[in-house]
Amino acid sequence: MLTKFETKSNRVKGLSFHTKRPWILASLHSGVIQLWDYRMGTLIDKFDEHDGPVRGVHFHKSQPLFVSGGDDYKIKVWNYKMHRCLFTLLGHLDYIRTVQFHNEYPWIVSSSDDQTIRIWNWQSRNCISVLTGHNHYVMCASFHPKEDLVVSASLDQTVRVWDIGALRKKTVSPADDILRLSQMNTDLFGGVDAVVKYVLEGHDRGVNWASFHPTLPLIVSGADDRQVKLWRMNDTKAWEVDTLRGHMNNVSCVMFHARQDIIVSNSEDKSIRAWDVTKRTGVQTFRREHDRFWILAAHPEMNLLAAGHDSGMIVFKLERERPAFSVSGDSLYYVKDRFLRYYEFSTQKDAQLIPIRRPGSTSLNQGPRTMSYSPTENAVLICSDVDGGSYELYLVPKDAVGRGDIVQEARRGVGGSAVFVARNRFAVLDKSNNQVLVKNLKNEIVKKSALPIAADAIFYAGTGNLLCRADDRVVIFDLQQRIVLGDLQCPFVKYVVWSNDMESVALLSKHAIVVANKKLVHRCTLHETIRVKSGAWDDNGVFIYTTLNHIKYCLPNGDSGIIRTLDVPIYIIKVSGNTIYCLDRDGKNRALTIDATEYVFKLSLLRKRFDQVMSMIRNSQLCGQAMIAYLQQKGFPEVALHFVKDERTRFNLALESGNIQIAVASAKEIDEKDHWYRLGVEALRQGNSSIVEYAYQRTKNFERLSFLYLMTGNLDKLSKMLRIAEIKNDVMGQFHNSLYLGDIRERVKILENAGHLPLAYVTAAVHGLQDVAERLASELGDNVPTLPEGKVPSLLMPPSPILCGGDWPLLRVTKGIFEGGLDNVGRGAQEEDEEAADADWGEDLDIVDVEGLQNGDIGIVDEDGEVHEENDEEGGWDLEDLELPPDVDTPQTATGARSMVFVAPTPGMPVSQIWTQRSSLAGEQAAAGNFDTSMRLLSRQLGIKNFAPLKQMFLDLHTGSHSYLRAFPSAAVNTLALERGWSESASPNVRGPPALVYDFSQLEEKLKAGYKATTGGKFTEALRLFLGIIHTIPLIVVESRREVDEVKELIIIAKEYVLGLKIELKRREIKDNPVRQQELAAYFTHCNLQMPHLRLALLNAMTVCYKAGNLSTAANFARRLMETNPTVENQAKTARQVLQAAERNMKDVSQLNYDFRNPFVVCGATYVPIYRGQKDVSCPYCTSRFVPTQEGQLCSVCDLAVVGADASGLLCSPSQIR
């Protein structure tokens, strides 16, 4: 049993399939009727007007109607399109058990607990017949599919068959008068419309269900005596044929399978049983844990059944319908009706090869599942579920085509799946031992291979290779080398489809398709809501697949779309050009022609085959919003432009693709303020000032126009704007324009006219217009404003524009392939944009509809809104005809010819991005500005967690690897990447690594300075220098392996000095603890220092211990000092004196935590000795050692890494990566 859909709800009492749509009605015990789409698994609608349980429901065959009957004694007829009940039929006096529409007539039959069956005319809304005779509840009643019969079952233990021929004759209007007369007599004297034809007695308890066979004169019934009975009838009598026993409780419902010789029954014993009609034996049983079954329904046209139970319903199939097939070159081998058949694609010849005998199976779903074919040996492997999974090997004789009568004994074997892996070898999966058995054509085991995963199926994956499937992954396994070639996580795979060249594979699961290459490297995943059924690769590398109701395509990048819809599911076998070869569920070969234009077009775009794109745009009817949206989404708005007639869409696409000319043309057609404004913004972005000007003129946006003229330095037009502002009496506009022009007298005049005399006086006085100032002062009288003293006024002049003139310079490129060739595709030839043609400053303003034009020199405005200059004194270019000799054979250049297509260069990848992609060195990542990655690398390589000391170095590296150029004041600063080892001879396309401000030589200088400061006793300064070295090394980059070793050596040197200097500085801080002072002085001598510094440390420790009275320890330091052969005589002299004094009194006053005989290292945090053999932890970067309690703390020596952290080690050179 193959469950296709399942619902959870109240108890389901009635079910009905829609004939055409994938819908099912379920009527519930709660009174609700649900309408489900079983293909999508969604609830479409609910109808809940019944009061109490609804036991019967039925769809009409052709009208958008269904009928329901419930415990409220009502029969309701509903229109599911209008979502409402049309009318209610009243007449029954008790619960209604079942309702059903007649296939042909406008009748409904209903059965009820009032012991009657009623037939209703749903058009006239009348009851046309009442069938009485049962003497207990009538549990079901149904029409015969073809004849004028009704069958009913009742708790009175009988099944009755009723003849309703008279009712049909009465309803179908009689033709002649005599018949009509007899009809009237019958009506007057109470004739009977329906008579009992047979009463079938045989059940010992009440009968719950009875139904007709769709074609044969058979009836099946199920009753509370737990039996299913089969009855046969002829014209005169009916009799019991057999009884099917097996149910453990009341049989609720029983029916014949529409397509197979099977009876299906369900029962309150929580099971559904399938019975073989011919053998009268049980074939299969399906059980539920807790739910009793109540109702069954069969799809009128498809191989689908549904069953209702206590907590919902299930839609299921008894057997798979997918035919087993295998494609080999131009041939298809498939199994149909227990024959192996052969189909040739080129000739469409279909022939029978050999019969495939099956043992009489005792259960369902034993047909062939999969098939594998070996073309060289003409051998076929057929796998099925017989005996829990087995295979059969057939060797097809060469002359077998068309005969189909050669019976040969197959070689059989047990195994879940079997496939050919070579010419004469096939692999069989042995699930129990998780191994593959490789066998020859004699069915003998040649070798065994254990599988790398617990596989439950195997598929072919090229010669000698298997694709093994587990629940959530697949692997490709090489049987020869016994190694895994590829591994991929994916949903449970049902089918595997390889491309013809075996380079790509599609893994089909129930609701997903995963596309990968031959090594199982993932390419894309597609998800479908409806079940995926089959697929095949076409010649272009596009995967064509089917769902239950569509043929679809999947491009290599994962884009998908619908090619066409399907009425019935099909299984694709092969795709060749525009033809899809497929098998349907009946095993018939079909060739479907499809329109591949859409996916071929998208594929050409994807692969950048623009010549194909061009020809397809010219020659095919590709259009529609979906295609435009796709082109826009994929970054080809300029291509989408050529599909579009709608001006608004054209305008948007033109702006998006930067095609300003088409945008202007569309804006003219639309002529709305918003569109002109957007055009102005885009033109300004492109620096096309003439179109910006035109857009502002069309919207009369004078403020923006004035500012534009100021920006471009067009003072002539600015002064015209001033005159226009005068005409419009716009005082603020006048003032702004005079301010932009730097015209002081005009400003004073405007202020004076506006009545702002004090402001006018101040403006005139400050700018030195004495005559005007005096006149205004006399008008102001006593109210003359005072000017501040000691201030030097300066003239406020508009700044000079950076670019004088019109449009920005553009890169000269040949038109792109989509421009020249497509200009006339979308609409007529492009309108030339006259206004935008001339960017010279002398042209006139196109100002339309200015109120009260007084000044005649602005120009005359014509109807089109274009301005013409009145006085055309200069008569154009004054070109005269040349007197040329007769036509010489001048070679004509073909205007349409293009030697090469050149599209404007796209912006390259930023250098910093190239650096980050190429390098895995922390210093270079920091220089590229990718601080996150740099920090992650340092954390992984050196265990560094504290980046605060490195912050400034990161910033220095980033700023130091770039140079910055200022172009001109308003432009952004240009950033230039500096490359390490650049030379003039280097190729401009090859990018070197970033230049770094820190290098190894600087560290060597720092080391020398640190030594010098240590010698001079400047310990704080020396500590700062050595820590600087330690902090810089993680970001250093060197070239050779030898330098890498030197860097690692430098870390150790710097670490020893940092530790020693910290110990000495700590000793100097301690004043009141002489024992601790002596210990620290002693530890300092065990740091790995340069010889001069070691001598000084020994001298220091000797002095401290001698003064504290620890003569024995002091003598030890003196001996060690003498062993170094001190070059300074004073040091040697002091050591000898201490030794002499100690020999007289060889003892220590205080006990120290110091044993010079036992080798030790000093803990970098607690400054205590860690003797050999004691546990310690170390810093992953500077290798300082610590007592175990310090694990997880920040290293107190380098102040960067975490003690005891895992790290892979310093990476500071490309040579380490190679």
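Residues numbered from 1 in each chain as written. Predicted model: local features only at pLDDT ≥ 70, side-chain atom pairs only at ≥ 80, totals over all residues. Heavy atoms only, no water.

A.B. asks: How do you make sense of the overall build of the protein when you look at a structure like this?
C.D. replies: A count of helical and extended segments in the protein gives 29 helices and 63 strands. Taking all 1218 residues of the protein together, the buried fraction comes to 50%. Put simply, of all contacts in the protein between residues at least 6 apart along the chain, 48% involve residues at least 24 apart. Accessible surface, the protein as shown: approximately 60300 Å² in total, 49% of it carbon and sulfur. (Helix = DSSP H or I, 4+ residues; strand = E, 2+ residues; numbered from the N terminus. Buried < 20%, exposed > 50% of the residue type's maximum accessible area, 1.4 Å probe, protein only. Contact = heavy atoms within 4.5 Å. Areas by Shrake-Rupley, 256 points an atom, 1.4 Å probe, with all protein chains shown as cover.)

A.B. asks: Hey, could you run me through the pattern of salt bridges in this one?
C.D. replies: A side chain of one charge can pair with a side chain of the opposite charge if their charged atoms are brought near each other. The final tally for this structure, using the stated rule, is 42 salt bridges. In this structure, E49 engages K76 in a salt bridge whose closest nitrogen and oxygen atoms are separated by 3.8 Å. On the criterion of sequence distance, the pair formed by E49 in the loop between β5 (42–47) and β6 (54–59) and K76 in strand β8 (residues 74–79) is long-range, its members being 27 residues apart. In this structure K76 comes out as buried when scored by relative accessible area, which is 6%. One salt bridge in this structure joins R369 and D385, with 3.3 Å as the shortest N-O distance. Residue R369 is found in strand β33 (residues 368–374), and its partner D385 is found in the loop between β34 (379–384) and β35 (390–395); the two are separated by 16 residues along the sequence. (Salt bridge = Lys/Arg side-chain N within 4 Å of Asp/Glu carboxyl O.)

A.B. asks: Help me understand the packing of aromatic side chains, please; the structure alone is not making it clear to me.
C.D. replies: Within a pair of aromatic rings, the relevant descriptors are the distance that separates the centres and the angle that separates the planes. Per the counting criterion, the structure on display carries 31 aromatic pairs. Ring geometry for Y105 versus W107: centroids 4.8 Å apart, planes at 45°, classification tilted. An identical accessibility class is assigned to Y105 and W107; each is buried. Their ring planes at 25° and their centres at 5.8 Å tell us that F1117 and Y1154 sit as a pair that is stacked. (Phe/Tyr/Trp six-rings, centres within 6.5 Å; stacked < 30°, edge-to-face > 60°.)

A.B. asks: Can you walk me through the sheet that holds strand β53 (residues 570–576) in this structure?
C.D. replies: What links the strands of a sheet is backbone hydrogen bonding, and the strands pair in either a parallel or an antiparallel sense. Strand order in the open sheet formed by 3 strands is β53-β54-β55, and the pairing between neighbours is antiparallel. Bordering the open sheet on either side are β53 and β55 (589–593), each of which pairs with just one other strand. Each neighbouring strand pair of the sheet contributes to a mean axis angle of 30°, computed without reference to strand direction. Sheet topology places β53 next to strand β54 (residues 579–584); 6 bridges connect them, and they run antiparallel. From the neighbouring strand, K574 faces β54, where its bridge partner is Y581. (Pairing = 2+ DSSP bridges. Axes fitted to C-alpha atoms, helices over the stretch in contact; angles between N-to-C directions.)

A.B. asks: What should I look at first to understand the pairing of strand β37 (residues 418–422) in this one?
C.D. replies: Here is the key point about a regular strand: its side chains alternate between the two faces of the sheet. Where burial is concerned, most of β37 is hidden: 4 out of the 5 residues are buried. Looking at chain direction, β37 and strand β38 (residues 425–430) are connected through 4 bridges and run antiparallel. Counterpart to V419 in the pairing with β38 is A427. If you look at the hairpin formed by β37 and β38, you'll find 2 residues sitting between the two strands.

A.B. asks: Before we go on, may I ask you to explain helix α26 (residues 1091–1107) in this structure?
C.D. replies: Residues lying three or four places apart along an α-helix face the same way, a consequence of the helix completing one turn every 3.6 residues. With 17 residues, α26 should cover 24 Å at 1.5 Å per step; its first-to-last C-alpha distance of 24 Å lies within 8% of that length. Those residues of α26 not exposed but buried are H1093, L1094, R1095, A1097, L1098, L1099, A1101, M1102, V1104 and C1105. Tucked into the core, α26 has its buried residues touching α22 (1000–1015), α24 (1041–1069), α25 (1074–1084), α27 (1111–1123) and α28 (1129–1144). Two residues or fewer after α26 comes G1109, characterised by a positive phi angle close to 90°. (Expected span 1.5 Å × (residues − 1).)

A.B. asks: Would you mind showing me how to read the sheet that holds strand β47 (residues 512–517) here?
C.D. replies: An order of β45-β46-β47-β48 is seen for the 4 strands of this open sheet, with the pairing classed as antiparallel. Each edge of the sheet is formed by a strand with only one pairing partner; in this case those strands are β45 (493–498) and β48 (522–527). Each adjacent strand pair in this sheet contributes to an overall mean axis angle of 15°, direction not counted. Judged from the 5 bridges that link them, β47 and β48 form a sheet pairing that is antiparallel. In the sheet register, V514 faces β48, and the bridge partner there is T525.

A.B. asks: When you look at helix α8 (residues 660–670) in this model, what are you seeing that I'm missing?
C.D. replies: With 8 of its 11 residues buried, α8 lies for the most part within the structure. Along α8, the residues classified as buried are I660, I662, A663, V664, A665, S666, A667 and I670. For α8, the secondary structure elements touched by its buried residues are α7 (647–657), α9 (673–686) and α10 (689–698). Count one or two residues on from α8 and you reach D671, which has phi positive near 50°.

A.B. asks: So what exactly am I meant to see when it comes to the packing of α25 against α26 here?
C.D. replies: For any two helices packed against each other, the geometry comes down to the angle between their axes and how far apart the axes lie. Between α25 and α26, the shortest axis-to-axis distance is 8 Å and the interhelical angle comes to 160°. The pairing of α25 with α26 is recorded here as roughly antiparallel in orientation. Our pair here, α25 against α26, has a crossing hand that is left-handed. Between α25 and α26, the residues in contact are Q1077, Q1078, A1081, A1082 and F1084 and A1097, A1101, V1104 and C1105, respectively. Of the residues in the contact of α25 with α26, the class split is 7 nonpolar, 2 polar and no charged. (Parallel < 35°, antiparallel > 145°, perpendicular 65-115°, else oblique. Left-handed = near helix turned anticlockwise from the far one by under 90°. Nonpolar A, V, L, I, M, F, W, Y, C, P; charged D, E, K, R; others polar.)

A.B. asks: Explain unusual backbone geometry to me, please; I cannot follow it from the model alone.
C.D. replies: Residues apart from glycine generally show negative phi values, whereas peptide bonds are mostly found in trans. Positioned with a positive phi, D671 is a non-glycine residue whose angle comes to about 50°. Within the secondary structure, D671 is located in the loop between α8 and α9.

A.B. asks: What am I meant to see in the environment of A1207 here?
C.D. replies: In this fold, A1207 is placed in the loop between β63 (1185–1186) and α29 (1214–1217). What makes A1207 partly exposed here is its relative accessible area of 35%. Once the C-alpha coordinates of A1207 and L938 are considered, the two residues, 269 residues apart in sequence, prove to be 8.9 Å apart. In this view, A1207 contacts R940, Q941, L942, G943 and P1180; residues no more than four positions away in its chain are not counted.

A.B. asks: What's the story with the confidence of the model for the protein in this structure? I'm lost.
C.D. replies: Taken residue by residue, the protein gives an average pLDDT of 84. The fraction at 70 or more is 88%. Note that residues 887–901 has pLDDT below 50 and, in this model, 3 contacts with residues that lie over four places away or in other chains. (pLDDT = per-residue confidence, 0-100.)

A.B. asks: What's the story with the nonpolar core in this structure? I'm lost.
C.D. replies: In terms of nonpolar packing, the biggest core is built from 89 residues, with L938, F1026, I1033, I1063, M1102, Y1181 and C1198 touching the most fellow members. Among the elements that make up this core, the one with the highest residue count is α24 (10 residues). Among the nonpolar cores identified, the runner-up in size contains 62 residues, and I572, L603, F651 and I660 belong to it. (Core = buried A, V, L, I, M, F, W, Y, C linked by side-chain atoms within 4.5 Å.)

A.B. asks: Any chance you could explain the side chain of T546 here in plain terms?
C.D. replies: Take T546: it is sitting in strand β50 (residues 543–547). Here the side chain of T546 touches I570 through a polar contact of 3.3 Å, landing on its backbone oxygen. Among residues more than four places away in sequence, those in contact with T546 are R531, V532, K533, S534, I551, L566, I570 and I572. (Polar contact = N/O pair within 3.5 Å; in protein donor to acceptor, adjacent residues only side chain to side chain.)

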